[in-house]
Amino acid sequence: MSAEVLRTPGSTGQWFTRAVLRNGPLGGLLALIAAMTVLSRDFLNGRNLLNVGVQASVTAILAFGLTFVIVSAGIDLSVGSVAALSATVVAWAATGHGLPVWLALPLGLGTGAVAGLVSGALVAYGKLPSFIATLAMLSVARGLALVISGGSPIAFPSSLAHLGDTLAGRLPVPVLVMAAAGLLTALVLTRTPAGRAMFAIGGNEEAARLSGIDVRRRKLTVHALSGLFAAVAGVVLAARLTSAQPQAAAGYELDAIAAVVIGGASLSGGSGKASGTLVGALILAVLRNGLNLLSVSAFWQQVATGAVIAVAVLLDTLRRRATR
Amino acid sequence: MTGVDDDAPRELLRVEGVVKSFPGVRALDGVSLSVRAGEVHVLLGENGAGKSTLIKMLAGAHRPDAGRILADGEEVTIRSGRDAERLGIATIHQELTLVPGLTVAENLFLGRQPRTALGLIDRRALRTRAAALLRRVRLDVPPTTPVAGLGVAQRQMVEIAKALSLDARVLIMDEPTAVLTAEETGTLFGIVRELRAEGTGIVFITHHLEEITALGDRVTVLRDGRSVAEVPASTPEDELIRLMVGRDVTDRYPRERPAEPGAPLLRVRGLTRRGAFTDVGFDVRAGEVVGLAGLVGAGRTEVARAVFGADRYDTGTVEIDGERLPPGDVRAAMRAGIGLVPEDRKGQGLVLGASLDDNLTLARLDRDTRLGLVDRRARRRAATAVADRLKVRHSGLDRAARTLSGGNQQKIVIGKWLLAGARLLILDEPTRGIDVGAKVEIYRLVNELTAAGDAVLLISSDLPEVLGMSDRVLVMAQGRLTGELPAATATQNAVMELAVRQNIQDESAMEGSHVG
């Protein structure tokens, strides 16, 4: 099973082979990058790669939050809607009601966390399957976003819209946010008692409970984190679009789930890691970017994306069976 | 004799020198077995001797690393359940494999339902054929009953009927009587005898030695993965035990009883949960091993879980060192120093996919931290120390718990509580499915703990174990404590008498009410 491993590396070469073996998805990403480099002259350059990073960022941030849920054997279908709702709340408060950004932003992020808490409470205390609880939240959050905005986009406060820009004219802020969210996810999953509890709950909930883990509280935490990350993703997306759109990020939950699963997590819980999720999101982004460069039609892109998801997970399953 | 012309009955199945290793354990190390037409061949051996692995192999779940399997004298490879079926080998596993939501008839013909000309399921044929099978096993339920509505014994009969419908020539039965009452066992024996008379070869696994003389023809004894003897079923029980254990029986329970137990550590008073247990009260003192004996379903596990806070109770109190514990609060019980090693090791004790050190430190997640972050080095040190102390045989603490053998897995569960600082260990069937060596190591650990002033509540259905390892034995029947015996002088008969006592009282009470 893929427990995250931090070992003192031997030689760099050894470390590299081991890293690829342990992180099958990384091998897939590298292969995909190599293929795109060969196929398109425009692919492998700094600007395009940063572009890929920006394209991956929203999915990746959503997927990081979702990783907590999937590791603990749950699912969160509401992340796309919660992202839209949170961004809408920020824009509504700042642009619509003149709230200062330093108040509007926490309000929006708080909205995401609260949405997650509500789903979490339904799961932990109402004993609803997370699929159902978050399916309900998917609809509720989307509806609230439409109610608040009256159905039309609200301009994003200009100071926040800089989040969609680049730093020092080169480094896109969404990529920085993605990196920060990824590091935070890795830290929580591998280095905090809460993260270790998530793996235990996902691996065997009853054993976790009988070992003194407060399963219900942890489930609340997990869903709240997912909601919070979704809110961050929503703000980043709105900043890039310079407006909060109530219909934004629809269907993004599926991309996010795909990223987590491509990254090697099991939907039955107990395994998953931040680096894998990042690789999963990058695979999806590289694929889209590359196919765009190759002028493949959007229709065929969908077909290709589906095929890549299936193949990636299939290969990962085979790899695990082989190394077990 | 019917239908057999030769002098010696035909040999249906032969296993020769089969070897099978799993990571960290050699489950089978040279096992041979022969099954003839029209015999009941008893497979005898302690838990962990290799019986399950052997029959799983014959069912196609495992493949041998070495050795041969022959059916009708020809070497065969059994890759899957379908292969086994084709060879006429049917297995009735301990864990029954029926689908609860489907009817009896649907279960009997799962995957091979009779079809109509249109390719739809022929419901009428399904029902009549199912009814005929049920008559053969004398199970008096309509074929349309959902399996979920049947008791365990009835489900067992359905499994047997299913095996019959496959026209099995070799029928493997894994402890079929473990869940049956005496009367049901009688019915089962009748069916087995009929099958034997029809020429079926039956491999029968049981722990009840008296069943061997009642039903068996030949006995193959397994010990530590080897077949050590093939003897007639008329062999005296003492001899069978000696073959099974392979050494003197007296040193199997190395309990060193304390001269004087310490102060009461656990005090349970009037513990009651409707439908599960009633007015249960007892003490466990520091340095003591208290055994909790009784029949399966007497409420022992339920009491243990209530004491640990895993389940709630209606009335009564649980105290540690005189401090009352809140009901239904595992964390409070843990803080007070209780640890539970549950009956279902894989389902409740371990996170099978997680690493050994994750499992070992599961009950102290908040402990090895620095600035809120897990201190991996401290964690690894703690896990290594306890794994060494318990002599866990493993190939790295970062390996998944599922890769260990049963005995080593159990040591991990126990180690988890040692690391959590438990002072009262509740061991629920701690040695079930564990090999002899690991068993003795666990017993020695119990001695070590109690010598240091900790206490153990030992639930076990293995009477010699309860008597051998406890200082006092409490006996439960139908949710009530029916007696307490000093383990040193108690006999198995005395325990059994208390274990069935409530039944007798109930019956006399009922008779009384009839009269009155």
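Fair warning: this is a prediction, and the values are worked out from it, not measured in the lab.

Caption draft 1: Seen up close, the overall build of chain A. Along the backbone of chain A there are 14 helices and four strands. With the principal axes as the frame, chain A shows a C-alpha extent of 55 × 55 × 35 Å. Here chain A holds 324 residues, and the buried ones make up 52% of them. Partitioning the intrachain contacts of chain A with sequence separation of at least 6 by distance along the chain shows that 77% fall at a separation of at least 24. Surface accessibility of chain A: about 14,000 Å² in total, with carbon and sulfur atoms responsible for 68%. A distance of 7 Å separates the average location of the 22 positive side-chain charges in chain A from that of its 10 negative side-chain charges.

Caption draft 2: Quick look at helix α4 (residues 123–136) of chain B. All names here are of chain B. Helix length check: α4, at 14 residues, gives a terminal C-alpha distance of 20 Å against a target of 20 Å (1.5 Å per residue), a fit within 8%. Residues A125, L126, A130, L133 and L134 constitute the buried set of α4. Mapping the buried residues of α4 onto a view down its axis gives an arc of 160°, with all of them on the same face. In α4, the exposed positions that point more than 90 degrees away from the buried face belong to R124, T128 and R135. Backbone geometry just after α4 places R138 at a positive phi near 55°.

Caption draft 3: Representation of the environment of E74 of chain B within the structure. All names here are of chain B. Along the chain, E74 falls in strand β5 (residues 74–76). On the basis of relative accessibility, which here comes to 57%, the residue E74 falls in the exposed class. Remark: the alpha-carbon pair of E74 and S34, spanning 40 residues in sequence, is separated by 13 Å.

Caption draft 4: Highlighting helix α8 (residues 237–245) of chain B. Residue and element names in this part refer to chain B. Where α8 is concerned, the buried positions are L240, L243, M244 and V245. Next to the buried residues of α8 lie β3 (40–45), α7 (209–215), β9 (218–223) and β10 (226–232). Where α8 terminates, the next one or two residues include G246, which has phi positive at roughly 80°.

Caption draft 5: The sheet that holds strand β22 (residues 480–486) of chain B, seen in detail. All names here are of chain B. Here we have six strands laid out as an open sheet, ordered β16-β19-β20-β13-β21-β22, and mixed in their pairing. Pairing within the sheet leaves two strands with one partner each, and these edge strands are β16 (338–341) and β22. The average angle at which neighbouring strand axes cross in this sheet is 20°, direction not considered. Alignment of strand β19 (residues 424–428) against strand β20 (residues 455–459), held across five bridges, turns out to be parallel. Bridge pairing in β20 places L424 opposite A455.

Caption draft 6: Focus on the interface of chain A and chain B. With 24 residues of chain A in contact, the opposing surface of chain B contributes 30 residues. Here chain A packs against chain B, burying approximately 2,200 Å² in sum over the two surfaces, 54% of which is carbon and sulfur. Ranking the residues of chain A by area buried against chain B places R191, L210 and S211 of chain A at the top, with a combined share of 27%. In this structure, the salt-bridge partner of E206 of chain A is R305 of chain B, at a minimum N-O distance of 3.4 Å. For the pair chain A and chain B, the number of links is nine residue pairs in polar contact (both at pLDDT 80 or more). Among the elements of the structure, α8 (173–191), α9 (193–203) and α10 (205–210) of chain A are those that each provide at least two residues to the side of chain A that touches chain B. Counting residues per element, the side of chain A that touches chain B draws most heavily on α9 of chain A, at six residues.

Caption draft 7: Main features of the sheet that holds strand β11 (residues 264–273) of chain B. Residue and element names in this part refer to chain B. Read from one edge of the open sheet, four strands run β12-β11-β14-β15, paired in antiparallel fashion. With partners counted over all chains shown, the strands left at the sheet margins are β12 (277–285) and β15 (323–324), one partner each. Of the pairings in the sheet, the one linking β11 to β12 comprises six bridges and is antiparallel in character. Bridging across to β12, R273 finds its partner in F277.

Caption draft 8: Looking closely at a nonpolar patch on the surface. Residues and elements named next belong to chain A. A contiguous nonpolar surface patch, about 630 Å² in accessible area, is contributed by V114, L117, V118, L122, L128, F131, I132 and L135. Those elements that provide at least two residues to the nonpolar patch are α5 (101–124) and α6 (130–149). Here the nonpolar patch gets four residues from one element, more than from any other, and that element is α5. Residue position: L135 is located in helix α6. We classify L135 as partly exposed; its relative accessible area is 39%.

Caption draft 9: Spatial organisation of unusual backbone geometry. All names here are of chain B. Residues other than glycine seldom take positive phi values, yet L371 does so here, at roughly 55°. Tracing the backbone shows L371 in the loop between β17 (369–370) and β18 (373–374). Even without a glycine there, the phi angle at Q478 is positive, about 45°.

Caption draft 10: Region of interest: the confidence of the model for chain A. On average, residues of chain A score 90 in pLDDT, and 92% of them reach the 70 mark or higher. With pLDDT under 50 throughout, residues 1–10 of chain A is counted as low confidence; its partners more than four residues away or in other chains account for 20 contacts.

Caption draft 11: Representation of the confidence of the model for chain B within the structure. All names here are of chain B. In this model, chain B carries a mean pLDDT of 87, and residues with pLDDT of at least 70 account for 93%. The spread of mean pLDDT over the elements of chain B runs between helix α18 (residues 501–515), the lowest at 47, and β16, the highest at 97. In this model, residues 1–5 is a region of pLDDT below 50 whose contacts with residues beyond four sequence positions or in other chains number two contacts. Per-residue pLDDT stays below 50 along residues 506–516; that stretch engages in one contact with residues further than four places along the chain or on separate chains. Interface predicted TM-score (ipTM) for the complex: 0.84; the corresponding pTM is 0.78.

Caption draft 12: Geometry of the packing of aromatic side chains. Taken as a whole, this structure holds four aromatic pairs over all chains when the rule is applied. Ring geometry for F68 of chain A and F229 of chain A: centres 5.5 Å apart, planes at 80°, overall edge-to-face. Of the two residues, F68 of chain A sits in helix α3 (residues 46–71) while F229 of chain A sits in helix α11 (residues 215–241), which places them 161 residues apart along the sequence. The residues F68 of chain A and F229 of chain A share a single accessibility class, namely buried. A ring pair is formed by F189 of chain B and F204 of chain B, whose centres lie 6.1 Å apart and whose planes are at 75°; its orientation type is edge-to-face. With F189 of chain B in helix α6 (residues 182–197) and F204 of chain B in strand β8 (residues 201–205), the pair connects residues that are 15 residues apart, well separated along the chain. Judged by relative accessible area, F189 of chain B falls into the buried class, the value being 8%.

Caption draft 13: Summary view of the pairing of strand β14 (residues 315–320) of chain B. Residues and elements named next belong to chain B. Bridge count between β11 and β14: five bridges; the pairing is antiparallel. Note that in β14 the partner of V268 across the bridge is V318. Strand direction decides the pairing type here: β14 and β15, joined by two bridges, are antiparallel. Directly across from I320, in β15, lies its bridge partner E323. Counted between consecutive antiparallel strands, the loop separating β14 from β15 contains two residues, among which D321 sits at a positive phi close to 50°.

The rules behind each value
Residues numbered from 1 in each chain as written. Chains lettered and ligands numbered in written order. Predicted model: local features only at pLDDT ≥ 70, side-chain atom pairs only at ≥ 80, totals over all residues. Heavy atoms only, no water. Helix = DSSP H or I, 4+ residues; strand = E, 2+ residues; numbered from the N terminus. Buried < 20%, exposed > 50% of the residue type's maximum accessible area, 1.4 Å probe, protein only. Contact = heavy atoms within 4.5 Å. Areas by Shrake-Rupley, 256 points an atom, 1.4 Å probe, with all protein chains shown as cover. Lys, Arg positive; Asp, Glu negative; His and termini not counted. Charge placed at Lys NZ, Arg CZ, Asp CG, Glu CD. Expected span 1.5 Å × (residues − 1). Arc of directions from axis to C-beta. Pairing = 2+ DSSP bridges. Axes fitted to C-alpha atoms, helices over the stretch in contact; angles between N-to-C directions. Buried area = accessible area lost by both parts, 1.4 Å probe. Salt bridge = Lys/Arg side-chain N within 4 Å of Asp/Glu carboxyl O. Polar contact = N/O pair within 3.5 Å; in protein donor to acceptor, adjacent residues only side chain to side chain. Patch = residues over 30% accessible without salt bridge, like charges linked within 9 Å, V, L, I, M, F, W, Y side chains within 5 Å. pLDDT = per-residue confidence, 0-100. Phe/Tyr/Trp six-rings, centres within 6.5 Å; stacked < 30°, edge-to-face > 60°.

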